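The chain contents come next:
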Amino acid sequence: MKTRREELIFLFVLSICFLGLSFAYQLATPLGEAPDELSHFRVITYLVRRRSWPVIQGPDTNVPHESTQFPLYYVLSAIATGWIPLDDQIVHEEPNPHHIGAPAPPPEAWANRNFIVHDPQEIRNWRGEFLAFRIARLISSLAGVMAILLVYRLIRRVLPGQRGTAMMAAAMMAFHPRWIALASSVSNDALAVAGSALALNAIVDYALRPSWRQAGWVGLALGIALLAKASNIGLIPLWILGWMVSAHAQRPWRVRGAELALSLLGVILLSGGWLGRNFFLYRDPLAFRAHMAVIHWVRPEPPAWSDWIAIFLRARETAFLSFGAIEGIIAERWIYGIWDLFLLLTGAQVFRQGWRLRARGQLNRLQGFLLLIHVLWLGVAILEFVAWNVRVEAPLGRLLFIALPAFWLIVVWAWEGPPPVAWEKSVGRAWLIYTTLLSVLGFSRYLWPAFHQPLRAMNEVPADLQRLDWVFEDLEGPPGEPLVRLIGIQATPRRLMPGQAVRLTACWELLRPAHRNYSFTYQIWSGPDPTRGERLGQVDSYPGMGSWPMRSWPPGSVICETYRIPLSPPGDMPTILSLLVGVYDRSHPDLPQLPRRSGDGWIPFAKIPLRSAWPEDSSWEARFEPGILLLAHRFQVFDQGILVSLTWKATASPPPGLHVFLHLLDSEGRWVAGGDGPPRGGAYPTGWWEAGEIIEEQRWIDLKQPIPPGTYRVHVGWYDLGTGERLPAFDATGKPAPGFSVPLGELQIPPAP
């Protein structure tokens with residue numbers, strides 16, 4: 001009695017912990033931000049409003065694409081929400097135009113992961129469709145609890161006398177991060193897993209003690225599992241295999257055949273009507289073709305063999321820890337490395353345990369067949385996953401979750417089963433601790449920051465921010481009315497290599513209520529002037545990384561948002577990088593960007609230096625003080641001018657604002673032509689140079705007027721644009737150059753053709 005009481009207390013506490021985490025995940029995940037959640041919910045509201053099931057009538061149908069799903073979850077949710085006046089509050093489905101679906105770990109995982117635009121106050125809305133949405137999520141959570149309890153019972157039946165092993169399996173399932181997220185969303189998946197666990201329990205019960213009653217129970221369980229989701233249809237051949245296993249009972253085949261017929265009759269009575277309805281409407285009992293007709297992620301051709309590696313890597317990622325409508329919120333890569341290691345060790349341990357028990361004669365025939373049934377069910381789920389991904393781009397691990405009860409049975413049998421070995425048990429317990437911690441982090445580190453960026457006061461703005469105070473004016477209302485202010489930015493690193501990403505933090509203050517959902521644009525350009533440079537990277541977003549659409553942003557509050565902006569390699573290096581910031585209305589591309597009352601709109605913030613093969617002790621042709629060497633030069637004479645290639649080296653950080661001059665002199669030393677300007681045409685000013693850098697540039701001496709053929713000399717030098725003073729110059733021997741102008745050599749101007 002005491003043991004039974006402790007067992008019930010454990011299951012009760014485990015259920016409460018699971019429900020607590022599930023409710024936390026629900027609060028952190030805005031409505032519609034779980035996979036296919038909006039489509040699942042629209043099936044429920046269709047049932048409530050019209051008292052009928054939506055029918056797909058072609059690719060242009062206006063019904064949810066999940067309308068082909070089997071009905072159990074939706075009927076239960078419709079019954080639970082039928083009393084709610086849905087039209088009181090409508091869940092609007094305005095798409096987020098800046099949504100990012102590509103998977104990424106934090107901090108990239110926190111930017112624009114919301115599939116639709118949300119009012120940040122929706123977390124407090126418990127009326128109309130908002131309430132119905134939360135109740136539909138609650139039904140998934142309850143189905144999750146049911147699945148956990150059924151997994152516990154399943155292992156108690158397959159591995160009798162191992163109560164601790166069953167507890168371990170139930171806890172492993174309860175604290176599996178992706179399972180918690182799945183059971184916290186509007187979806188039929190949690191109920192499908194519970195149906196799978198129910199059917200496996202019934203099959204095991206019959207295999208252990210065949211009877212008419214158990215056969216009827218199998219039919220009922222299989223029918224419920226199939227009504228939960230079509231992918232559970234693979235349980236029927238497994239049941240037939242389980243029926244064959246029960247031959248140990250030495251019962252007449254006629255009786256056992258009748259029991260099989262009874263169970264299949266139960267399946268037909270429960271789910272046959274739905275299968276017939278689908279066949280009548282779509283000529284397909286599972287409605288597979290109708291579903292394929294309305295989804296837009298059908299593959300144009302089957303994946304190549306090499307593609308399957310990426311498919312299964314993504315599936316193993318999304319089977320463990322991933323969030324968001326397209327499951328793009330993922331963890332750091334090393335977290336999945338531990339998951340991979342656990343799977344590999346478990347696979348090896350399964351073979352080791354089976355070999356060990358067989359060698360010792362401790363694995364009886366019936367228990368071996370029961371374990372085999374669960375291994376086969378896991379294999380069936382994998383085959384269904386492969387078959388689905390042959391046709392559809394859906395490498396999602398949750399598609400394998402129908403076999404989750406079988407998976408945890410195999411795991412605990414490998415690590416916790418007899419004979420007990422201390423180090424083996426410690427593996428399972430260490431894994432449970434690891435996933436429990438990740439389950440909590442799933443809420444605090446991944447989900448909440450992705451969808452709930454905090455508002456700040458002015459005194460909470462980071463002190464190391466580069467202050468800008470650029471004010472943007474509204475397009476609506478009185479002309480010149482200020483709307484939003486860019487307080488400042490922080491961009492790192494200041495020195496980048498080609499292809500490296502920029503981490504940008506920008507803080508904004510809303511000055512007055514906005515009537516439009518304006519977007520921010522952050523563009524990174526090469527050179528100091530975006531009008532003449534090359535755009536290398538860009539991020540556009542609603543405020544707060546998508547969490548605070550401007551219409552919902554309270555005036556007077558501050559939002560600080562951080563983005564990782566990948567950069568394409570610039571066509572020409574070295575170069576400085578400039579950040580251009582703007583505010584615009586994405587929904588009206590014909591409207592101009594918001595005008596700025598103050599600020600240039602762009603600011604140089606970083607540089608990409610040149611990787612050069614010049615050795616440290618290279619010879620040089622001229623020296624300019626402070627800190628500039630001329631390493632090499634080259635002339636190319638054209639009809640319209642002279643192209644001069646120069647290679648500089650900084651031996652120190654030269655002062656900003658230095659310009660280069662080139663003079664073309666005739667044989668008498670008279671000035672004929674020339675050209676002045678900042679190095680690299682302003683793309684890399686001297687204020688950004690550092691000691692040791694190599695700078696290559698090409699300068700043009702324009703010969704606008706024809707000059708007589710003959711011998712000419714080219715001189716080069718530097719001067720301060722602010723003062724006009726030339727930098728002291730020395731030739732290769734160290735002698736001062738007259739007039740601080742260094743001769744580069746002579747060239748011949750040929751006669752005009």
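Engineer: Can you explain the sheet that holds strand β16 (residues 694-702)? Please cite residues and give values.
Structural biologist: If you walk across this open sheet you meet the five strands as β16-β13-β12-β11-β18, and the pairing is antiparallel. Either end of the sheet is taken by a strand with one partner, and the two such strands are β16 and β18 (729-731). Neighbour-to-neighbour, the strand axes of this sheet turn through a mean angle of 30°, independent of strand direction. Pairing of strand β12 (residues 628-637) with strand β13 (residues 641-650), which is carried by nine bridges, proceeds in the antiparallel orientation. Bridge pairing links F635 to V644 in β13.

Engineer: Provide a residue-level description of the packing of aromatic side chains, including the pertinent values.
Structural biologist: Inspection of every chain in the model, using the stated rule, returns 32 aromatic pairs. Ring geometry for F288 versus W388: centroids 5.5 Å apart, planes at 70°, classification edge-to-face. Residue F288 is found in helix α11 (residues 288-294), and its partner W388 is found in helix α14 (residues 365-391); the two are separated by 100 residues along the sequence. Residue W388 is classed as buried on the basis of its relative accessible area of 19%. An aromatic cluster is defined as three or more aromatic residues linked by ring pairs; in this entry it consists of F320, Y336, W339, F342, F407, W408, W431 and Y434. Sitting above the plane of the F279 ring, R283 keeps its charged end 5.9 Å from the centroid. The positively charged end of R623 is found above the aromatic ring belonging to F730, 4.4 Å away from the centroid.

Engineer: I'd like a description of the nonpolar core, backed by residues and values.
Structural biologist: Of all hydrophobic cores here, the largest spans 168 residues; its most connected members are W179, W508 and Y522. If one sorts the elements of this core by residue count, helix α4 (residues 128-158) sits on top with 17 residues. Core analysis: the next-biggest nonpolar cluster, separate from the first, contains 33 residues, L646, A673, I707 and A729 among them.

Engineer: So what's going on with unusual backbone geometry? Residues and values would help.
Structural biologist: The omega torsion across T492 and P493 is -10°, close enough to zero to call that bond cis. Relative to the assigned elements, P493 resides in the loop between β4 (482-492) and β5 (501-510). The linkage connecting M573 with the following residue, P574, adopts the cis geometry, with an omega of 0°. In this structure, P574 sits in the loop between β8 (558-566) and β9 (575-584). Positive phi, close to 55°, is recorded for E327, a residue that is not glycine. The phi dihedral of R680 is positive, around 55°, even though this residue is not glycine.

Engineer: Give a detailed account of helix α16 (residues 422-451), specifying residues and quantitative values.
Structural biologist: If you check α16, its first and last C-alpha atoms are 43 Å apart, about what 30 residues at 1.5 Å a residue would give, namely 44 Å. At L441, α16 shows its largest kink, close to 45°.

Rules behind the numbers
- Residues numbered from 1 in each chain as written.
- Predicted model: local features only at pLDDT ≥ 70, side-chain atom pairs only at ≥ 80, totals over all residues.
- Heavy atoms only, no water.
- Pairing = 2+ DSSP bridges.
- Helix = DSSP H or I, 4+ residues; strand = E, 2+ residues; numbered from the N terminus.
- Axes fitted to C-alpha atoms, helices over the stretch in contact; angles between N-to-C directions.
- Phe/Tyr/Trp six-rings, centres within 6.5 Å; stacked < 30°, edge-to-face > 60°.
- Buried < 20%, exposed > 50% of the residue type's maximum accessible area, 1.4 Å probe, protein only.
- Lys NZ or Arg CZ within 6 Å of the ring centre and 35° of its normal.
- Core = buried A, V, L, I, M, F, W, Y, C linked by side-chain atoms within 4.5 Å.
- Expected span 1.5 Å × (residues − 1).
- Bend = angle between axes of the 7 residues up to and from the residue.

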